[in-house]
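Architecture at a glance
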Amino acid sequence: MKYLSSLFLIMSMIFISCSNSSSPSNASGDKVFKIGILQLIEHDALDASYRGFVDGLKEAGYEDGKNITIDYQNAQGEQANCVTIAQKFVNDKSDLILAIATPAAQAVANMTKDIPILVTAVTDPAAAKLVADNNAPGGNVSGTSDLTPVEAQIELLNEITPNLKTVGLLYCSSEQNSVFQMDIAKKKLDSMGIKYIDATVTSANEIQQMVQSLIGRVEAIYTPTDNMIAAGMATVALVAEPAKLPVVCGEGGMTMLGGTATYAISYYELGKLTATQAVSILKGEKQPANMPIETLKTFDLVVNTNMVNSIGITIPESLYNK
């Protein structure tokens, strides 16, 4: 009887120990970290950020199915989906959450103040109220900014468009990233004495009509790293190409899908940069509160030669050597 009581006590202790374990372990007994990834919508830039993040983790020794488990979810551009997915990650007690694009980041940040959150493809986290300050976040959120060289992009638009007098500014008015970039663009255009027309949309269904409304009123179009416009670049090209309107975009993927040219960052490298931050958190070396928002320092000229030839403009050879 004493033997059975002792055996029961031992089994009970084992059960309690297993029940209190919140994180699984791998075959080596090491903790397996749970990483939730919420991406707002599918398009080249955000997809590249995701790939860069996963590859960066793998290069640092963190591989899905071995010492981390990645739960990747795409919200398909719906804010309600962002909230649902964010809640799922919190309920699952994720060790780290990556949010790709501002609406996704805001949904996750509003859901938890405890789980470390990294954001990427967010132009200004402070302006989006994700952090107290980009240099000193102060909470559970940090990450990387995809701020592109807006002023240089406006200069590029001027150089490739003969007799540029008025620019159409195409963007989604509800995307904080876009508004932030457009403020920079407008100041630059004002300093150059170039007029502009706001061409804002609130849904993808408005893109074609809005671009058509610019024909005859502008000589070129500028669109920032706007998620809605990025997903609808084929529609932009459908109207801009026959109208011979150059389109300078905020990023390279948008350019190749229907834009003309741009100075672009690599979203893949941006994802890898975010992965280095994640590694520091997983290793317990740093916390988001004292991790400044980081940016890439190099840019590349991206040219869609098919569109350049179709609308009949020339990219000065000197631009390739900058």
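Heads up: these notes are all about the structure in this document. All figures in this text were calculated on a predicted structure; none of them were measured in a lab.

Thoughts on the packing of aromatic side chains
Here the structure, examined in full by the defined rule, presents two aromatic pairs. A ring pair is formed by Phe-33 and Tyr-62, whose centres lie 6.5 Å apart and whose planes are at 55 degrees; its orientation type is tilted. Note that Phe-33 is positioned in strand S1 (residues 33-39) and Tyr-62 in the loop between helix H2 (44-59) and strand S2 (68-74), a separation of 29 residues in sequence. In this pair, the class of Phe-33 matches that of Tyr-62, namely buried.

Some words on the packing of H2 against helix H11 (residues 267-282)
Running from amino to carboxyl end, H2 crosses H11 at an angle of 40 degrees, the nearest separation of the two axes being 6 Å. The orientation of H2 relative to H11 falls into the category oblique. As for how H2 packs across H11, the hand of that crossing is right-handed. Here Ala-45, Ala-48, Ser-49, Arg-51, Gly-52, Phe-53, Asp-55, Gly-56, Leu-57 and Glu-59 of H2 lie close against H11, whose contacting residues are Tyr-267, Tyr-268, Gly-271, Lys-272, Thr-274, Ala-275, Ala-278 and Val-279. Tallied by class, the residues present in the contact of H2 with H11 amount to nine nonpolar, five polar and four charged.

Digging into helix H9 (residues 233-240)
Where H9 is concerned, the buried positions are Met-233, Val-236, Ala-237, Val-239 and Ala-240. Buried residues along H9 cover an arc of 165 degrees about the axis, so they all sit on one side. Away from its buried face, by an angle of more than 90 degrees, H9 presents the exposed residues Ala-234 and Leu-238. Among the structural elements, strand S6 (166-172), helix H7 (207-214), helix H8 (227-231), strand S9 (247-249), helix H10 (252-256) and helix H12 (305-311) are those in contact with the buried residues of H9.

A closer look at unusual backbone geometry
Even without being a glycine, Lys-129 presents a positive backbone phi close to 60 degrees. Within the fold, Lys-129 resides in the loop between strand S4 (117-122) and strand S5 (141-145). With a relative accessible area of 75%, Lys-129 lands in the exposed category.

Overview of the sheet that holds S1
Read from one edge of the open sheet, five strands run S2-S1-S3-S4-S5, paired in parallel fashion. The outermost strands of the open sheet, each flanked by one partner alone, are S2 and S5. Pairs of neighbouring strands in the sheet enclose a mean axial angle of 15 degrees, with direction left out of account. In this sheet, S4 lies alongside strand S3 (residues 96-100) in parallel orientation, the contact comprising four bridges. Counted as the bridge partner of Leu-98 is Leu-118 from S4. Sitting on the sheet, H2 touches S1, S2, S3 and S4, and the angle it makes with S1 is about 165 degrees. Packed onto the sheet, helix H3 (residues 79-91) meets S1, S2 and S3 and runs at close to 165 degrees relative to S2.

What about the side chain of Ser-49?
Following the sequence through the fold, Ser-49 ends up in helix H2. Under the relative-accessibility criterion, Ser-49 is labelled buried at 0%. Engagement of the side chain of Ser-49 in a polar contact is seen with the backbone oxygen of Tyr-267, the distance being 3.5 Å. The residues contacting Ser-49, other than those within four sequence positions of it, are Ile-100, Thr-120, Ala-121, Tyr-267, Tyr-268 and Gly-271.

Details of the pairing of strand S8 (residues 220-223)
Of the two faces of S8, both are covered, the one formed by Ala-220 and Tyr-222 as well as the one formed by Ile-221 and Thr-223. Pairing analysis gives three bridges linking S6 to S8, with the strands arranged parallel. Paired with Gly-168 across the bridge in S8 is Ile-221. In this structure, S8 lies alongside S9, joined through three bridges in parallel fashion. Across the sheet, the residue bridging to Thr-223 is Cys-249, located in S9.

Quick notes on the environment of Ile-313
Positionally, Ile-313 belongs in the loop between H12 and helix H13 (317-320). Considered as a pair, Ile-313 and Thr-161 are 152 residues apart in the sequence and their alpha carbons are 7.4 Å apart. For Ile-313, the residues in contact, after removing those within four places along its chain, are Ile-160, Pro-246, Thr-260 and Val-308.

Focus on the nonpolar core
Core analysis: the biggest nonpolar cluster contains 52 residues, and Ile-35, Leu-38, Phe-53, Leu-57, Val-119 and Leu-130 have the highest contact counts within it. Mapped by element, the contributors of at least two residues to this core are S1, H2, S2, H3, S3, helix H4 (102-111), S4 and H11. Top element by residues in this core is H11. It accounts for eight residues. Counting 24 residues, the second largest nonpolar core, distinct from the first, contains Val-150, Val-167, Leu-169 and Val-303.

What counts and what doesn't
Residues numbered from 1 in each chain as written. Predicted model: local features only at pLDDT ≥ 70, side-chain atom pairs only at ≥ 80, totals over all residues. Heavy atoms only, no water. Phe/Tyr/Trp six-rings, centres within 6.5 Å; stacked < 30°, edge-to-face > 60°. Helix = DSSP H or I, 4+ residues; strand = E, 2+ residues; numbered from the N terminus. Buried < 20%, exposed > 50% of the residue type's maximum accessible area, 1.4 Å probe, protein only. Axes fitted to C-alpha atoms, helices over the stretch in contact; angles between N-to-C directions. Parallel < 35°, antiparallel > 145°, perpendicular 65-115°, else oblique. Left-handed = near helix turned anticlockwise from the far one by under 90°. Contact = heavy atoms within 4.5 Å. Nonpolar A, V, L, I, M, F, W, Y, C, P; charged D, E, K, R; others polar. Arc of directions from axis to C-beta. Pairing = 2+ DSSP bridges. Polar contact = N/O pair within 3.5 Å; in protein donor to acceptor, adjacent residues only side chain to side chain. Core = buried A, V, L, I, M, F, W, Y, C linked by side-chain atoms within 4.5 Å.

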